[in-house]
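Tertiary structure, described
Here is how the chains run, residue by residue.
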Amino acid sequence: MNSTSRTSRKNKSKFKQQNKNRSNGKQNSNHYNGQQNTNTSVSKKQQALLNAPVKLGDEVLVTIHGIGSSGEGVGRVEDFTVFVPFALPGETVKVAINMVKKTYATGRLLEIVTMAPNRIDPHCDLYGFCGGCQLQHITYEGQLSLKTQKVKDVIERIGHQNPDLVKPTLGPKNPWAYRNKMQMPVGGTKGDIQMGFYAMGSHDIVQGTNCPIQSEGNNSIAQACYQIAKEFDIEPYNEHTGKGILRHVIGRIGQSGWMVILVTATDNLPHQEKWVKNLTERVPQVETIVHNVNGKRTNVILGPKNSVLYGDGTITDHIKDLRFTLSPHSFFQVNPEQTTVLYDQALAYADLKGNETVIDAYCGTGTISLFLAHKAKRVIGIEIVEPAINNARENARRNGYDNTEFIVADAAVEMPKLYKAGVRPDVIVFDPIRAGCKEEVLTSAAGMEPKRIVYVSCNPATMARDIEILTHYGYELKEVQPVDMFPMTAHVECVVLMSKVAPSK
């Protein structure tokens, strides 16, 4: 595998076979394929498609110069952007154009003509079919480099900041078997049940119960549940018809033991007692089993109703010396080792000496808040989701922190109230969802004039946008530290430090 020529032959053969097997997908009949439009009234969109240097079905050579947000290679044909999944920067590849838009096209990789030196064979046999990973075809050192560059690009292009402020991405010692939570969809038909992973770009299920980025415990749970479902001839759920029973199997690996959640579309789980007996015999580390009911036709995995079949419905996990009780709906980071790295970095940027007031504006279940409470005088957590605040209060009580306050509210509304009440935070921490912060949250935070703002992000693009907004309210970007929470995938998290600009004399 270390030989470039042997790797080249294997990868060319692998991608040819993958592309032979992989469906090209349905093409929109409105896409142009090079034929002249006889309609004299041509829209700007249609004209752009006609003027594009590539047409649907073309086979072209593309030199890859960058990486996209989803891990795909980015190249150009006559200055026209082409995205190519599984291609790497520095490679020249032959692709079949399978989609053309006004400003870009996508291509299916046919052959690697010139190979990048850091390309390797994927570790997983399902790679390229399963949509879970996007970067197994590059060395882990190469993955970290790509993720660093990805953050630098958005910091410069979207945030209009100096990309040299981005530090090298921090990765784990072992980039495999890190996920402590597994969610496997169930499909197929009665008598031919399928369980595994969604195929790339679809909800077609790729059969498989052994994932190399999952903890071995979750793979054991998946294999046992799949065999039991087959033995009991459980009817799988069909998301197209809304009929069937078993929808998802979820595993969670904690310090105290393991949790299994069986999600059904019906109120009853057939052979309920046998499920418990078989699972606990085959996987004795299972501490609790929960039956969750989700009868809605939705992409949301868990429904609101839980029935505990075994144990008490919870497991215990920890981050450093903090203990957390996890129920089926509890949010918890899926990579324990890198979570510590991420939160330690946020704590370092907060630079707490013991007398500070800190606001955690998207506190969730209070994990970062409790890290901060260890060194701050007072921590105020704000979260609009009430169950999460209930968990945060319980987590604070369990860990003995009485210097925390958790408020159910919209941060944009609550922070001006706190300011009027005399609260003057020294530090404000953001850890928003992928969409980033609402601008009114950013303006409210800036209006409180904290010395430092610490921004924890799972989406570098929206993070860069929010950094740019904060610079207009008197804050200066000091440093960005990417952290690889999800090796083998295109995702990267970041911790950002911004400081209040001192007024000029």
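Throughout what follows, the structure given in this document is the object of discussion. What you see is a predicted model; the values in this text were computed from it and never measured. (Residues numbered from 1 in each chain as written. Predicted model: local features only at pLDDT ≥ 70, side-chain atom pairs only at ≥ 80, totals over all residues. Heavy atoms only, no water.)

**A closer look at the packing of aromatic side chains**
Using the following cut-off: Centre distance within 6.5 Å is the pairing criterion for rings of Phe, Tyr and Trp, where only the six-membered ring of Trp is used; planes under 30 degrees apart are then read as stacked, over 60 as edge-to-face, and the remainder as tilted. Helix and strand labels come from DSSP, where a helix needs a run of H or I of at least four residues and a strand needs a run of E of at least two; each type is numbered from the N terminus. Burial classes follow relative accessibility: with a 1.4 Å probe on protein chains only, a residue under 20% of its type's maximum area counts as buried, one over 50% as exposed, and anything between as partly exposed.
A full pass over the atoms with the stated rule returns 7 aromatic pairs. On the basis of an interplanar angle of 85° and a centroid distance of 6.1 Å, the ring pair of F232 and W275 is categorised as edge-to-face. Taken together, the residues F232 in the loop between helix 4 (216-231) and strand 9 (246-253) and W275 in helix 5 (residues 272-282) connect sequence positions 43 residues apart. Summarising the burial analysis for this pair, F232 and W275 share the class buried. Centre to centre, the rings of Y343 and F371 are 5.3 Å apart; their planes meet at 75°, and the pair counts as edge-to-face.

**A few points about helix 10 (residues 439-447)**
Here is the rule we go by: Note on contacts: a residue pair qualifies if any of its non-hydrogen atoms lie within 4.5 Å across the two residues.
Among the residues making up helix 10, those that are buried are V441, L442, S444, A445 and A446. For helix 10, the elements touching its buried residues are helix 9 (411-420), strand 18 (427-430), helix 11 (460-471) and strand 20 (475-483). Of the residues flanking the end of helix 10, it is E449, one or two places downstream, whose phi is positive at about 55°.

**Considering a positive patch on the surface**
For clarity, the threshold we go by: Excluding any residue in a salt bridge, patches collect residues exceeding 30% relative accessible area, merging like charges within 9 Å and nonpolar Val, Leu, Ile, Met, Phe, Trp and Tyr side chains within 5 Å. Note on areas: Shrake-Rupley with a 1.4 Å probe; residue coverage comes only from the protein chains shown. Salt bridge criterion: a side-chain nitrogen from Lys or Arg within 4 Å of a carboxyl oxygen from Asp or Glu. By the counting scheme adopted, Arg and Lys are positive, Glu and Asp are negative, and His together with the chain ends is not counted. For charged residues, the charge sits on one atom: NZ in Lys, CZ in Arg, CG in Asp, CD in Glu.
There is a patch of like positive charges on the surface, built from K44, K45, K101 and K102. Of note, K101 is situated in the loop between strand 4 (92-100) and strand 5 (104-114). The partly exposed category is assigned to K101, whose relative accessible area is 30%.

**Topic: the sheet that holds strand 10 (residues 258-264)**
Using the following cut-off: Any two strands are treated as partners once DSSP identifies two or more bridges connecting them. Orientation is described by axes fitted as lines to C-alpha atoms, over the contacting stretch for helices, and by angles from 0 to 180 degrees between their N-to-C directions.
With mixed pairing, the 7 strands of this open sheet are ordered in space as 8-7-6-9-10-11-12. On the outer flanks of this sheet lie strand 8 (205-207) and strand 12 (305-310), each paired with one strand and no other. Direction aside, the axes of adjacent strands within the sheet are offset by 35° on average. The sheet contact formed by strand 9 and strand 10 spans 7 bridges and is antiparallel. For L246, the partnering residue across the bridge sits in strand 10 and is T264. In the packing of helix 4 onto the sheet, the strands contacted are strand 6 (181-189), strand 7 (192-198), strand 8, strand 9 and strand 10, and the crossing angle to strand 9 comes to about 150°. Sheet strands in contact with helix 5 are strand 9, strand 10, strand 11 (286-293) and strand 12, and its direction is about 55° off that of strand 12.

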